[in-house]
Amino acid sequence: AKAAGRNAFRFYDPQMNVEASERSRLRWLLAHAIERGELHLHFQPYFHLRSGELAGAEVLLRWTSAELGPVGPNQFIPVAEDGGQIVEIGAWVLREACAQVATWQRQGLALPAVAVNLSILQFRHGDLVQQVADALRDSGLPARQLELEITESVLMHETDKVFATADNLKALGVRLAIDDFGTGYSSLAYLKRLNVDKLKIDQSFVRDALASPSTTAIVRAIVDMARAMELEVVAEGIETAAERDFLAATHCAMGQGYLFARPMPADQFEAFLAVRAAG
Ligand code: C2E
Ligand code: CA
Ligand code: CA
Ligand code: CA
């Protein structure tokens, strides 16, 4: 009877209920986040490691809910993917990012590249190519300045559709980057076929590279492979000067991380661009 009682209790695990109802609450609140103006973009710059020159910025989505306060993307993106809202939200991010960067450009605050994260669901959605084309046309941002980041998990599904979408995106003139590279299973043949432009080395490798010889070897191998395939390579999550120095010595061309700058809201990033334009 006791065991049955425990099982029955586990079935009604209050923690599970909290999680389930929190998720449905998040999903409900997220459905109204765009129209309520609760979503905004942060910008995190990345740099050429040798010269220190600005190479571009990654757009990172932020949600400040009236009810819940700030909610991190690691919490709400999976919910938006489950509920399908990521397609609409992703289209909004694309439009907003292109419009903002084009506006800065007209003000003399040029950004060499802007990188936007795509969800696998956007990549499988038939409208993505049209959404990207619309965002470029409406903003006037040159296509070559837009980079689209996809994680390796995108590559695991619906190969033919993914190739076709990638080809159509490349035909628009945008650049493709593989995000969190090294955490998935993509083969060299796959990267070549996808006609990718750039690899982003996942921050977990950067974190361990100095302490773990096997991780050091992995980072070296990724950088060498990128060079051999004539792909750009960016290391993510650089937090210390030692990490930066190791990556520069390994000939990793670009870096991003808290050592250089945290993600910033648009007004703060505009001030950052203005200082660099003036200097
Ligand atoms: P990600 O694309 O891998 O983005 C990098 C994450 O690392 C960001 O977290 C960034 O703030 C953080 N980061 C940057 N530098 C450092 C560092 O030096 N140290 C550490 N510890 N972290 C650093 P964030 O902004 O919380 O975003 C988390 C994830 O949410 C992103 O990972 C991305 O997968 C997703 N995400 C963010 N914005 C969007 C979006 O607009 N669309 C989609 N589909 N996903 C997004
Ligand atoms: Ca990313
Ligand atoms: Ca990443
Ligand atoms: Ca990530």
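Above this text you will find the structure in question.
Residues numbered from 1 in each chain as written. Chains lettered and ligands numbered in written order. Predicted model: local features only at pLDDT ≥ 70, side-chain atom pairs only at ≥ 80, totals over all residues. Heavy atoms only, no water.

Peer 1: Before we go on, may I ask you to explain the overall build of the protein in this structure?
Peer 2: Of regular secondary structure, the protein possesses twelve helices and ten strands. Its C-alpha atoms give the protein a radius of gyration of 20 Å, near enough to 19 Å, the size a compact globule of 279 residues would have. Over its C-alpha atoms, taken along the principal directions, the protein stretches across nearly 70 × 45 × 40 Å. Out of the 279 residues belonging to the protein, those deemed buried represent 46%. For the protein, long-range pairs separated by at least 24 residues make up 69% of all intrachain contacts whose partners lie at least 6 apart in sequence. In the structure as shown, the protein presents an accessible area of about 13800 Å², 53% of it carried by carbon and sulfur atoms. Looking at charge distribution, the protein has the averaged site of its 27 positive side-chain charges lying 2 Å from that of its 35 negative ones. (Helix = DSSP H or I, 4+ residues; strand = E, 2+ residues; numbered from the N terminus. Rg over C-alpha atoms; globule rule 2.2 N^0.38 Å. Buried < 20%, exposed > 50% of the residue type's maximum accessible area, 1.4 Å probe, protein only. Contact = heavy atoms within 4.5 Å. Areas by Shrake-Rupley, 256 points an atom, 1.4 Å probe, with all protein chains shown as cover. Lys, Arg positive; Asp, Glu negative; His and termini not counted. Charge placed at Lys NZ, Arg CZ, Asp CG, Glu CD.)

Peer 1: How should I be thinking about the coordination of the calcium ion (ligand 4) in this particular structure?
Peer 2: Each donor-metal-donor angle in an ideal tetrahedron of four donors is 109.5 degrees, and each such angle in an ideal octahedron of six donors is either 90 or 180 degrees. Taken together, Asp 180 (OD) and Asp 180 (OD) make up the protein donors of the calcium ion (ligand 4), found 2.7 to 3.0 Å from the metal. A separation of 3.8 Å is found between the calcium ion (ligand 4) and the calcium ion (ligand 3), both of which receive a donor from Asp 180. (Donors = N, O, S within 2.8 Å, 3.2 Å for Na, K, Ca; no water.)

Peer 1: What is the right way to look at the site of ligand 1 in this model?
Peer 2: Around ligand 1 sit 23 residues in total, of which Gln 44, Arg 62, Asp 179, Glu 239 and Tyr 258 are the nearest. In this structure, an oxygen atom belonging to ligand 1 sits 3.1 Å away from a side-chain N or O atom of Asn 117. Within the contact set of ligand 1, an oxygen atom lies 3.3 Å away from a side-chain nitrogen or oxygen of Asp 180. When isolated, ligand 1 has an accessible area of 800 Å², and the protein chains bury 84% of it. More than half of the atoms belonging to ligand 1 lie within 2 Å of the grid points that define the largest pocket. Counting residues per element, the ones that place at least two in the shell around ligand 1 are strand E2 (54–65), helix H3 (73–82), strand E6 (175–181) and helix H9 (203–208). Looking at which element gives the most residues to the shell around ligand 1, the answer is E2, with four residues. For the shell around ligand 1, the residue count by class is nine nonpolar, seven polar and seven charged. (Near = heavy atom within 4 Å. Polar contact = N/O pair within 3.5 Å; in protein donor to acceptor, adjacent residues only side chain to side chain. 1 Å grid on protein atoms, 1.4 Å probe; cavity = no way out; pocket = protein on both sides within 12 Å on 5 of 7 lines; lining within 4 Å. Sits in = over half its atoms within 2 Å of the grid points. Nonpolar A, V, L, I, M, F, W, Y, C, P; charged D, E, K, R; others polar.)

Peer 1: How do you make sense of the nonpolar core when you look at a structure like this?
Peer 2: For soluble globular proteins, nonpolar side chains are generally found buried alongside one another. One finds Trp 63, Val 132, Leu 146, Leu 148, Leu 199, Leu 247 and Phe 269 to be the most contacted residues of the largest nonpolar core, which totals 80 residues. Sort the elements by how many residues they give to this core and helix H4 (residues 86–106) lands first, with eleven residues. Every residue in contact with Phe 269, bar those within four places of it in the chain, is listed here: Phe 43, Pro 45, Ala 57, Trp 104, Leu 111 and Met 264. (Core = buried A, V, L, I, M, F, W, Y, C linked by side-chain atoms within 4.5 Å.)

Peer 1: When you look at the packing of aromatic side chains in this model, what are you seeing that I'm missing?
Peer 2: The description of an aromatic ring pair uses the distance of the two centres, along with the angle that the planes make with each other. Counted by the stated rule, this structure contains eight aromatic pairs. Residues Phe 43 and Trp 104 carry aromatic rings whose centres are separated by 5.0 Å and whose planes lie at 65 degrees to one another, so their mutual orientation is edge-to-face. Here Trp 104 lies in helix H4 and Phe 43 lies in strand E1 (residues 39–48), a separation of 61 residues in the sequence. In this structure Phe 43 comes out as buried when scored by relative accessible area, which is 1%. Look at Trp 63 and Phe 76: their rings are 5.6 Å apart centre to centre, the planes differ by 80 degrees, and that puts the pair in the edge-to-face class. Here the residue Trp 63 occupies a position in strand E2, and Phe 76 occupies one in helix H3, the gap between them amounting to 13 residues. Summarising the burial analysis for this pair, Trp 63 and Phe 76 share the class buried. Joined through ring pairs, the aromatic side chains of Phe 43, Phe 47, Trp 104, Phe 260, Phe 269 and Phe 272 make up one cluster. The ring of Phe 163 carries Arg 193 above its face, with NZ or CZ at 4.4 Å from the centroid. The ring of Tyr 258 has Arg 262 sitting right over it, with the charged end atom 3.8 Å from the ring centre. (Phe/Tyr/Trp six-rings, centres within 6.5 Å; stacked < 30°, edge-to-face > 60°. Lys NZ or Arg CZ within 6 Å of the ring centre and 35° of its normal.)

Peer 1: What's the story with the environment of Leu 109 in this structure? I'm lost.
Peer 2: Among the structural elements, Leu 109 can be located in the loop between H4 and strand E4 (114–117). With a relative accessible area of 11%, Leu 109 lands in the buried category. Distance from Leu 109 to Gly 237, taken between C-alpha atoms, is 25 Å for residues 128 residues apart in sequence. Setting aside anything within four residues of it in sequence, one finds Leu 109 in contact with Trp 104, Glu 270, Leu 273, Ala 274 and Ala 277.

Peer 1: How should I be thinking about the pattern of salt bridges in this particular structure?
Peer 2: Note on pairing: side chains with opposite charge can pair once their charged atoms come close. Overall, the coordinates contain 16 salt bridges when judged by the stated rule. Asp 82 is the partner of Arg 23 in a salt bridge, and the nearest nitrogen-oxygen pair spans 2.6 Å. Of the two residues, Arg 23 sits in helix H2 (residues 14–30) while Asp 82 sits in helix H3, which places them 59 residues apart along the sequence. Take Arg 23: its relative accessible area is 34%, and that puts it in the partly exposed class. We classify Asp 82 as exposed; its relative accessible area is 52%. Put simply, Arg 137 and Asp 138 hold a salt bridge, and the shortest N to O gap is 2.9 Å. The exposure classification of Arg 137 matches that of Asp 138, with both residues exposed. In this structure, a network of salt bridges that share partners links the residues Glu 58, Glu 149, Lys 200 and Glu 236. (Salt bridge = Lys/Arg side-chain N within 4 Å of Asp/Glu carboxyl O.)

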